[in-house]
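Topology and contacts: notes
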Amino acid sequence: MDPEAIANGSTATLGQAAQRSLAVFPAGSNGEFNLPKELTTVLSRGKDCYVWDVNGKRYLDFSMGWGTNLVGHAREEVVAAVTEQAANGSNFAYVNEKSLQLAEEIKRLSPAVEYLRFCSSGTEAIMYCERLARAFTGRSKVLKFEGAYHGANEIGVTSLFPKGLLDYPTPDPSSAGIEHSVKDHVLVAPYNDLGMTTKIVEQHKDDLAVVIVEPLHRCTPPMDGFLQGLRELTKKHGVLLIFDEVVTGFRLAYGGAQEYYGVIPDLVGYGKALGGGYPIGVFGGRADIMSIVNEDLLGKDKRYVWTASSLGCNTISASAALAALQIYHRTDTYKHLHHIGRYVRNKMKGCLEKNDIPGHVIGDGPLAQVLFTEKLVYNYREQKLQENAARRRAMMVGLFKRGVFLNPMGTKLYLSLKHTEEVCDQFVEIFNQTLQEIKQNEKSTTTN
């Protein structure tokens, strides 16, 4: 690769598929990743915990479709279910046999869900939860936690990547085009800080509709009592509580974070792993809240919330989800997911220690994230103030160069039911090589 050509924006030395991708997609991707131009990649297929690009290069996949393929790529049971259903119609935009079966099982496994509706993504599911909370309470404000992602909507990206560390609860848009929508309606608190959160809730209780939380905040576990404290705090002030279980749903336990942490919210949103690799979203909760979507309330009740989805309960995604749930419900599923997560996190910690690089590896279940910080941190701001961001970026790009498929814009790693100790050992060897390169480069820079 010619560095000058890259610097000048030339794609002449890139493969044909990469050039085509850069010609139609901004930065050559459909969002995030932010790969160096010379690493522009076009994938062609996936199987188990591997993906291949159009040139035949195989990657260890530690993104797994951003966690959507928890069962593994092209899982046989999912492929069979989808293939069988495809011959009988893919979408009716109406309740069908498959979506009804799926809805009944979700209601059975999710303690918060008395009623539910389908949509096409986790983004939509959480958007509807927020809208329902505002309508039901008649209040306009939403409290979220700094650094949390709740989908590609205005509230979802607010204070996701704050440009400045503003005083709580002032929101940072993190994206152009949304400032006027969020500045007066979104409050921001530090995750794992129940004291500060309590202060903000009590100051804004008359206008606050809902608190929304990722129970496992990206990869940061909740401190003892934090989620239970949120539940008690919100109940005390008549504020609703949303669990964003788009990531935690079916990943930590069959009943998700509700089962795993023993805390029940008022509303919950699902996506990602539920679909077995296919697009899906679900929002549900208490019957009295969910009932305000009933269409016979239109024009009669000011709390009526309009919801609909062209593809939300399509038979293909529902069939894939039913097949995935059968896999998740097996007795050894969560034993494996928790074991393989602990296994890779411990091995990665060993690499940091061996290379004398300060850092921590956090996460739970089949999730892992490296933090290049001296001390263990418990929320986004602590991480932002302490972390060596240049080292983080070098690590992720270095892993990608060495054949690990992941998203270099973060350090979150997704594992699946198809990741084994052998696969993780291969990854850890690459991780160790990458750390050695980083340390050598940093030494050379210091010497020069």
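Residue numbers run consecutively from 1 along every chain, following the written order of its sequence. Confidence filtering applies because this is a predicted model: local features only for residues at pLDDT of at least 70, side-chain atom pairs given and counted only at 80 or more, and all residues used for totals across whole chains, interfaces and linings. Values shown for side chains rest on all heavy atoms present in the structure; no hydrogens or waters enter the calculation.

**Side note on the side chain of Gln 85**
Counting from the N terminus, the helices are the DSSP runs of H or I reaching at least four residues and the strands are the DSSP runs of E reaching at least two. Turning to its location among the elements, Gln 85 is positioned in helix α4 (residues 76-86). Whether a residue is buried, partly exposed or exposed follows from its accessible area with a 1.4 Å probe, protein chains only, as a fraction of its type maximum: under 20%, in between, or over 50%, in that order. Judged by its relative accessible area of 11%, Gln 85 is buried. The criterion used for residue contact is that any of the two residues' heavy atoms lie within 4.5 Å. Apart from residues no more than four positions distant in its own chain, Gln 85 is found in contact with Lys 98, Thr 315, Ile 316 and Ser 319.

**What about unusual backbone geometry?**
Here the amide bond leading from Tyr 168 into Pro 169 is cis, since omega sits at 10°, within 30 degrees of zero. By the element assignment, Pro 169 lies in the loop between α7 (154-157) and α8 (179-182). With a phi close to 55°, Glu 32 is a non-glycine residue in the positive phi region. Accessibility expressed as a relative area gives 35% for Glu 32, which makes it partly exposed. Phi angles above zero are rare outside glycine, and Asp 356 is one such case at about 55°. With respect to the element layout, Asp 356 can be found in the loop between α14 (333-354) and β11 (360-362).

**Description of a negative patch on the surface**
A contiguous patch of negative charge on the surface is contributed by Glu 421, Glu 422, Asp 425 and Glu 429. Relative to the elements of secondary structure, Asp 425 occurs in helix α17 (residues 421-447). Residue Asp 425 is classed as partly exposed on the basis of its relative accessible area, which comes to 33%. Patches here: salt-bridge-free residues with over 30% relative accessible area, like charges joined within 9 Å, nonpolar side chains (Val, Leu, Ile, Met, Phe, Trp, Tyr) joined within 5 Å. Accessible surface area values rest on a Shrake-Rupley calculation with a 1.4 Å probe, where residue burial reflects the displayed protein chains alone. By definition here, a salt bridge exists when the distance from a side-chain nitrogen of Lys or Arg to a carboxyl oxygen of Asp or Glu is within 4 Å. Charge counting follows a simple rule: Lys and Arg are positive, Asp and Glu are negative, and His as well as the terminal groups are ignored. For the purpose of locating charges, the reference atoms are NZ of Lys, CZ of Arg, CG of Asp and CD of Glu.

**Some details on the environment of Lys 235**
Along the chain, Lys 235 turns up in helix α10 (residues 226-236). Classification of Lys 235 as exposed rests on a relative accessible area of 59%. Sequence separation between Lys 235 and Asp 266 is 31 residues, and the spatial gap between their C-alpha atoms is 9.7 Å.

**Topic: the packing of aromatic side chains**
Any aromatic ring pair is given by two values, namely how distant the centres are and how the planes are angled relative to each other. Centres within 6.5 Å are what make two rings of Phe, Tyr or Trp a pair, Trp counting through its six-membered ring; a difference in plane orientation under 30 degrees is then read as stacked, over 60 as edge-to-face, and the rest as tilted. Considering all chains together, one arrives at 16 aromatic pairs under this definition. Between Tyr 191 and Phe 226, the aromatic rings sit 5.0 Å apart at their centres with planes inclined by 70°, giving edge-to-face as the arrangement. A residue pair is termed long-range when its members are at least 10 positions apart, and Tyr 191 in the loop between β6 (186-189) and α9 (194-204) and Phe 226 in helix α10 qualify at 35 residues. Judged on exposure class, the residue Tyr 191 and its partner Phe 226 are both buried. Between Phe 250 and Tyr 254, the aromatic rings sit 6.4 Å apart at their centres with planes inclined by 70°, giving edge-to-face as the arrangement. As far as the burial class goes, Phe 250 and Tyr 254 line up, both buried. Taken together, Phe 33, Tyr 59, Trp 66, Phe 400 and Phe 405 form an aromatic cluster joined through their ring pairs. Charge-over-ring placement is defined geometrically: NZ (Lys) or CZ (Arg) within 6 Å of the ring centre, and within 35 degrees of the ring normal. Over the face of the ring belonging to Trp 52 we find Arg 45, whose NZ or CZ atom lies 3.9 Å from the ring centre. Over the ring of Tyr 168 we find Arg 381, and its NZ or CZ is 4.1 Å from the ring centre.

**With respect to the pattern of salt bridges**
Following the criterion strictly, the structure yields 16 salt bridges and no others. The partner of Asp 266 in a salt bridge is Arg 231, and the shortest N-O contact between them spans 2.9 Å. Linking Asp 266 in the loop between α11 (256-261) and β9 (267-270) with Arg 231 in helix α10, this pair joins segments that are 35 residues apart in sequence. Using a relative accessible area of 6% as the deciding quantity, one classes Arg 231 as buried. Asp 288 is the salt-bridge partner of Arg 286, the closest N and O atoms lying 2.7 Å from each other. Judged by its relative accessible area of 27%, Arg 286 falls in the partly exposed class. Using a relative accessible area of 38% as the deciding quantity, one classes Asp 288 as partly exposed. Connected via shared salt-bridge partners are Arg 231, Asp 266, Arg 286 and Asp 288.

Scope: geometric values only; no functional claims are made or implied.
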